Amino acid sequence: MQPFTFIVAGAGMIGLATAIGLQQAGHRVIVIERGDRPEYGSTPELRVSALAHSSRRLLERLGSWQQMPASRLGPYTGMRVWDCDSFGRIEFDASELALADIGAIVENKVLEQVLWDQAVAAGVSIMATTELVQQQVDDQRIQVTLANGQTLTGDYLIAADGARSTVRAQANLPLTFWDYQQQAQVAVLTTELPHQGIARQVFLPTGPLALLPLADANQVSIVWSADTERAQQLSTLSDSDFIRQLQVASDNCLGLLQLKSARATFPLRMQYCQRWVQQRLLVLGDAAHSIHPLAGQGANLGFADVADLLAIFAHPELQVATLPKQLRQWERQRKAAAVTMIGAMESFKRGFAGSAPWAKLGRGLALQLAHRVTPLKQQLMRAALGA
């Protein structure tokens, strides 16, 4: 197998996992990151991801999952989903598929620190506190210039620098996007009742509220997505008033709630890059697609991009002549998966919006049907597992 030199823009979860996998396959990898090494503290971080079994398998193959501190992992064995003020609800339990859990809630910064340290130990060169300011890509090589004036050359440039990717923008890749006209508020809470390893989500007329179990039996991370006007109202509330609203919205399912962290709000927007392969530039993760967080599948979609890409460049009989065809096939497969997920999230968002009686009746019947029809329920569970 001929080794290549890869330059990866972005040292988030997706960029670092890509870098580790390529380095382990015998390639040379350089990561460019505008920030510094992530460091997490003793309190839970605000941004979390719900990782499915498929993402965990990738991280296990890389040797990363084994290095995650157990005290910062929140495996969940069940899911409870219900429609506000309705009979509609569905419950999932890992035991229905003879599994120990359905997935795990991980704090993004914890995973990023583990991946960063593993990448360095594997021999990946990470150039921190600088950024890529200019790029030249053709059919043969790539060349990038950094903010510090340094010039690097390589075989492939990988854009893993997030939804606001500067690499994607400099390449003028066409982008489809729309504003969900919602904002998400995140925070860490202490709960009176133990969460019992169950991920909960309630669909409200203005958007979904998720309560995600952390490693501590009485701590959850919330993601409250709401229409912009409602979200702005929530963000201006005092902590005590916010908690009162949250108690009502969550149906007091975990008893009395207390804020353990500050609150943060960010806008929600769908983005889809129409071209993921351009000569020797590859785009993946949030740089290629970003979706509504209501089903927690954004990170899983990105890790699937990584897994399929690594399968190409880790193949022992890798042939340079066949790479363009293989990368086009990778692009087609991953774009199809992204479009399917984008469509599903839009359907969920629209289907569970509003409080009209006829709409609530339809949602209630759909949830009850999914809950009672075993094959359908198991199919939904397997989708959540990434199977």
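The following paragraphs examine the structure supplied in this document. Please read all numbers here as calculations on a predicted model, not as lab measurements.

## Here we look at the sheet that holds strand 7 (residues 103-107)
So, point 1. With antiparallel pairing, three strands are arranged side by side in an open sheet as 3-7-4. On the outer flanks of this sheet lie strand 3 (48-51) and strand 4 (73-76), each paired with one strand and no other. Taking the axes of each pair of neighbouring strands and ignoring which way they run, one obtains an average angle of 20° across the sheet.

## A short note on the packing of helix 1 (residues 13-24) against helix 7 (residues 298-313)
So, point 1. Where helix 1 meets helix 7, the closest approach of the two axes is 10 Å, and the angle between their N-to-C directions is 20°. Put simply, helix 1 runs roughly parallel to helix 7. Crossing geometry of helix 1 relative to helix 7 is assigned as right-handed. For the pair helix 1 and helix 7, contact is made by Met13, Ile14, Ala17, Thr18, Gly21 and Leu22 and by Ala299, Gly302, Phe303, Val306, Leu309, Leu310 and Phe313, respectively.
So, point 2. Of the residues assigned to the contact of helix 1 with helix 7, the class counts are 10 nonpolar, three polar and no charged.

## Some remarks on the sheet that holds strand 12 (residues 156-159)
So, point 1. Pairing in this open sheet of six strands is mixed, and the strands run 8-2-1-12-20-19 from one edge to the other. Of all the strands in the sheet, just strand 8 (125-127) and strand 19 (277-278) have a single pairing partner and so form its edges.

## Examining the packing of aromatic side chains
So, point 1. Taken as a whole, this structure holds eight aromatic pairs when the rule is applied.
So, point 2. Arranged with centres 6.0 Å apart and planes meeting at 85°, the rings of Phe4 and Phe313 form a pair that is edge-to-face. With Phe4 in the segment before strand 1 (5-9) and Phe313 in helix 7, this residue pair connects regions lying 309 residues apart in the sequence. Accessibility assignment for this pair places Phe4 and Phe313 in one class, buried.
So, point 3. Among the aromatic residues, ring-to-ring pairing joins Phe4, Phe6, Tyr156 and Phe313 into one connected group.
So, point 4. The residue whose ring lies beneath Arg47 is Phe266, and the NZ or CZ to ring-centre distance is 4.2 Å.
So, point 5. Between Arg280 and the ring centre of Tyr156, over which it is positioned, the NZ or CZ distance is 4.8 Å.

## Quick notes on unusual backbone geometry
With the exception of glycine, the majority of residues adopt a negative phi angle, and the majority of peptide bonds are in the trans configuration.
So, point 1. Positive phi is not limited to glycine here, since Asn172 has a value of about 55°.
So, point 2. Phi at Gln279 takes a positive value of approximately 55°, unusual for a residue other than glycine.
So, point 3. Mapped onto the elements, Gln279 comes out in the loop between strand 19 and strand 20 (281-283).

## Topic: the packing of helix 1 against helix 3 (residues 108-122)
So, point 1. Where helix 1 contacts helix 3, the axes come no closer than 9 Å and their chain directions differ by 25°. Classed by the angle they form, the pair helix 1 and helix 3 counts as roughly parallel. The hand of the helix 1/helix 3 crossing is left-handed. Contact with helix 1, carried on its side by Met13, Leu16, Ala17, Ile20, Gln23 and Gln24, involves Asn108, Leu111, Glu112, Leu115, Trp116, Gln118, Ala119 and Ala122 of helix 3 and no other residues of that element.
So, point 2. For the contact of helix 1 with helix 3, the per-class residue count stands at nine nonpolar, four polar and one charged.

## A few points about helix 7
One full turn of an α-helix is made of 3.6 residues, so residues set three or four places apart face in the same direction.
So, point 1. Its 16 residues place the ends of helix 7 24 Å apart at the C-alpha level, agreeing with the 22 Å of an ideal helix rising 1.5 Å per residue.
So, point 2. Among the residues of helix 7, those classed as buried are Ala299, Asn300, Leu301, Gly302, Phe303, Asp305, Val306, Leu309, Leu310, Ile312 and Phe313.

## Re the pairing of strand 2 (residues 28-32)
So, point 1. Among the five residues of strand 2, four are classified as buried, and the element is accordingly described as predominantly covered.
So, point 2. The pairing of strand 1 with strand 2 spans five bridges and is classified as parallel. The residue of strand 2 that forms the bridge with Phe6 is Val29.
So, point 3. In terms of handedness, the path from strand 1 via helix 1 over to strand 2 forms a crossover that is right-handed.
So, point 4. In the sheet, strand 2 pairs with strand 8 via three bridges, with the strands oriented parallel. Residue pairing across strands places Ile30 opposite Ser125, the latter belonging to strand 8.

## Examining the nonpolar core
So, point 1. By size, the foremost hydrophobic cluster in this structure holds 96 residues, and its most contacted members are Leu111, Phe303 and Phe313.
So, point 2. Top contributing element to this core by residue count: helix 7, with eight residues.
So, point 3. In this structure, Leu111 is in contact with Met13, Leu51, Leu59, Met68, Val106 and Phe303, ignoring residues within four places of it in sequence.
So, point 4. Ranked by size, the runner-up nonpolar core spans 20 residues in total, among them Ile222, Phe242, Ile243 and Ala249.

The rules behind each value
All residue numbers refer to position in the chain's written sequence, counted from 1. Local features in this predicted model are restricted to residues of pLDDT 70 or higher, and side-chain atom pairs are both shown and tallied only at a pLDDT of 80 or more, whereas totals for entire chains, interfaces and linings draw on every residue. Neither water nor hydrogens contribute to the side-chain values; these are computed over all heavy atoms in the structure. At least two bridges found by DSSP between two strands are what make those strands a pair. Secondary structure is summarised from DSSP: a helix means a run of H or I of at least four residues, a strand means a run of E of at least two, and numbering begins at the N terminus for each. Convention adopted: a line fitted to C-alpha atoms gives each axis, helices being fitted over their contacting stretch, and angles between N-to-C directions are expressed from 0 to 180 degrees. Note on terminology: angles under 35 degrees are roughly parallel, angles over 145 are roughly antiparallel, angles of 65 to 115 are roughly perpendicular, and the others are oblique. If you view the pair so one helix is near and one far, a crossing is left-handed when the near helix is turned anticlockwise from the far one by less than a right angle, and right-handed when it is turned clockwise. Should any heavy atoms of two residues lie within 4.5 Å, those residues are considered in contact. Any residue that is not Ala, Val, Leu, Ile, Met, Phe, Trp, Tyr, Cys, Pro, Asp, Glu, Lys or Arg is counted as polar, Gly included; the first ten are nonpolar and the last four charged. To pair, rings of Phe, Tyr and Trp, with the six-membered ring standing in for Trp, must have centres within 6.5 Å; the planes then decide the type, stacked if under 30 degrees apart, edge-to-face if over 60, and tilted in the middle. Relative accessible area decides the class of each residue, using a 1.4 Å probe on protein chains only: under 20% of the type maximum gives buried, over 50% gives exposed, and in between gives partly exposed. A ring is scored as having a charge over it whenever the NZ atom of a lysine or the CZ atom of an arginine sits within 6 Å of its centre and within 35 degrees of its normal. To estimate how far a helix should extend, the number of its residues minus one is multiplied by 1.5 Å. Look down the strands so they point away from you; if the path from the first strand over the helix to the second goes clockwise, the crossover is right-handed. Residues belong to a common nonpolar core when they are buried Ala, Val, Leu, Ile, Met, Phe, Trp, Tyr or Cys residues joined through side-chain atoms within 4.5 Å.

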